[in-house]
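Spelled out from the first residue to the last, the chains are:
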Amino acid sequence: MPFHLSPALWLLLACVLVQLAYAAYYFLPFALRPPEPTDGPDEEPVSVLVCAHNELENLRRLLPLLLQQDYPAGFEVVLIDDRSDDDTFLYVQQLTQYYPHVRLVTVSQTPDGLSPKKYALTLGIKSARNSHLLFTDADCIPATNQWLRYMQRGFSQPADLVLGYSAYAEEPGFLNKLIRFETFLTGAQYLSFAWRGQPYMGVGRNLAYTQEVFFLTKGFASHIRSLSGDDDLLVQDAVAHGARVAVVAQPGAHTFSEPAHTWGQWWRQKRRHLSAGSRYRLADRLRIGTFMGANVVSYGMAIGLLFSRPDWVPLAVVWSVRTAIMLAVYHRTGRRLDDRLPLAWLPILDAVYFFYYLALGMSLFLYRTLRWK
């Protein structure tokens, strides 16, 4: 009896094979790699930069944790007060009286047409006293008091730019699980791609690079008018100029952020983040798009095949194999990043995320206006 599959099943099988290839070449080897060493040189002073706009309560939580960092070579904290109208200035000014290595850069206004955050960061970077720069956001906290030490050691690989991981805090509710899954999957992609020598982005919540890299790329000049991209587009420019990139996935080097609490807030945040993707290099867009597209198309094909009764058995086989392997890889990668979601939730989160991603892509295509706080 001849073996026969419908064209839709062949397309589904092709998409699943693409997903398994990414899992085998990128995600699983990254997940199984040995942990980074916990000892190493700590000889270079570091400037930790935080850009804040009306973030007083977050700063009250973050700055004490930064000041407690265990780093023998010394560091400074550069707080960039970006047009705040709360008491950020007074709070940081009081800290500077007791901690001389805390410095305040005040931005009173942004020139017309420029990204407020990129303009503020540029002023902060130019005022930094050290060559090595480490960035986080005001609504983040470092996972441990070794965060600065671990991220700094990435430069010794050697590297000019160090990518770290930033997770979101665990809270009740489905939205929180979905946000954490999206963050995990994005992290698994950019960290494993970079580890394979194909870096394309980082996150400003946990990113380090040298002043030399910043000035080599002329800072944010190529995208200074774009609201997003102070992290990923800078990585794009740095790689294009030959910068060496290292990955630090040690759990002690992570940061944690406060997640969005409403669907609308997260929708606006993700639209802003994804808007920078059109400026990526073609090879990066193809690499990311192939993986995301294969997932979206496979879900579409699977739903369509539910209406074809003769295809139920091969559909069940293909989808069961795909789901079992991908969830095992996701689970192992989550252990590597110390960012674990309940295994039983992963199939649901995986499906919802890719349909949400499709909706975001359509939204950006139809409606391009973005807002910044």
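Anything mentioned here points back to the structure above.
Residues numbered from 1 in each chain as written. Predicted model: local features only at pLDDT ≥ 70, side-chain atom pairs only at ≥ 80, totals over all residues. Heavy atoms only, no water.

**As for the overall build of the chain**
Definition in use: Only DSSP runs of H or I covering at least 4 residues are called helices, and only runs of E covering at least 2 are called strands; the numbering of each starts at the N terminus. Type-normalised accessible area, obtained with a 1.4 Å probe on protein chains alone, sets the label of each residue: buried when under 20%, exposed when over 50%, and partly exposed for intermediate values. Residues are treated as being in contact if the distance between any of their heavy atoms lies within 4.5 Å.
In terms of regular secondary structure, the chain is built from twelve helices and ten strands. Expressed as lengths along the three principal axes of its C-alpha atoms, the size of the chain is roughly 85 × 45 × 40 Å. Scored against the burial criterion, the 373 residues of the chain give a buried share of 55%. Sequence-distant contacts, at least 24 apart, represent 84% of the contacts inside the chain between residues at least 6 apart.

**Considerations on the sheet that holds strand E7 (residues 166–168)**
Using the following cut-off: At least two DSSP bridges between two strands are needed for those strands to be called paired. Axis definition: a line fitted to C-alpha atoms, over the contacting stretch in the case of helices. Angles run 0 to 180 degrees between N-to-C directions.
Within the open sheet, the three strands sit side by side as E5-E10-E7. Their pairing is mixed. At either end of the open sheet lies a strand with only one pairing partner, and these are strand E5 (140–142) and E7. The mean angle between the axes of side-by-side strands here comes to 30 degrees, regardless of whether they run parallel or antiparallel. Examined bridge by bridge, E7 and strand E10 (residues 255–257) share three bridges and lie parallel to one another. Residue Tyr168 lies in a different strand from E10, and its bridge partner there is Ser257.

**Quick notes on the pattern of salt bridges**
Put simply, the rule is: Salt bridges are defined as contacts in which a side-chain nitrogen from Lys or Arg sits within 4 Å of a carboxyl oxygen from Asp or Glu.
As enumerated under the stated definition, the model contains twelve salt bridges in all. A salt bridge links Asp160 to Arg244, with the shortest nitrogen-to-oxygen separation between them at 3.1 Å. Here Arg244 lies in the loop between helix H8 (232–240) and strand E9 (245–247) and Asp160 lies in the loop between helix H5 (147–153) and strand E6 (161–163), a separation of 84 residues in the sequence. Given the relative accessible area of 18%, Asp160 is considered buried. Note on Arg244: relative accessible area 41%, which makes it partly exposed. Counted as one network, the salt bridges with shared partners bring together Lys117, Asp137 and Asp230.

**Details of helix H1 (residues 7–32)**
Operational definition: Expected span of a helix: the number of residues minus one, times 1.5 Å. One axis fitted to the seven residues ending at a residue, another fitted to the seven starting there: the angle between these axes is the bend at that residue.
For H1, built from 26 residues, the straight-helix expectation of 38 Å at 1.5 Å per residue is met to within 8% by its first-to-last C-alpha distance of 36 Å. Of all the bends in H1, the greatest measures close to 40 degrees and is centred on Ala23.

**Thoughts on the sheet that holds strand E8 (residues 207–210)**
Strand order in this open sheet of seven strands is E3-E2-E1-E4-E8-E6-E9, and the pairing throughout is mixed. The sheet is open, and its two borders are formed by strand E3 (102–107) and E9, each paired with just one other strand. The mean inter-strand angle of the sheet, taken between neighbouring strand axes irrespective of direction, is 20 degrees. In terms of strand pairing, E6 meets E8 through three bridges, oriented antiparallel.

**Thoughts on the packing of aromatic side chains**
Geometrically, a pair of aromatic rings is defined through the distance of the ring centres and the angle of the planes. Test applied: Pairs were defined over the aromatic rings of Phe, Tyr and Trp, the Trp ring being its six-membered one, requiring ring centres within 6.5 Å. Orientation was assigned from the angle between planes: stacked under 30 degrees, edge-to-face over 60, tilted for the rest. When the NZ atom of lysine or the CZ atom of arginine is within 6 Å of a ring's centre and also within 35 degrees of its normal, the charge is said to sit over that ring.
Summed over all chains, the structure comprises 27 aromatic pairs. Aromatic ring contacts, followed pair by pair, group Phe181, Phe184, Tyr299, Trp319, Tyr330, Tyr353, Phe354, Phe355 and Tyr357 into a single cluster. Above the plane of the ring of Trp319 lies Arg322, whose end atom (NZ or CZ) is 4.9 Å from the centre.

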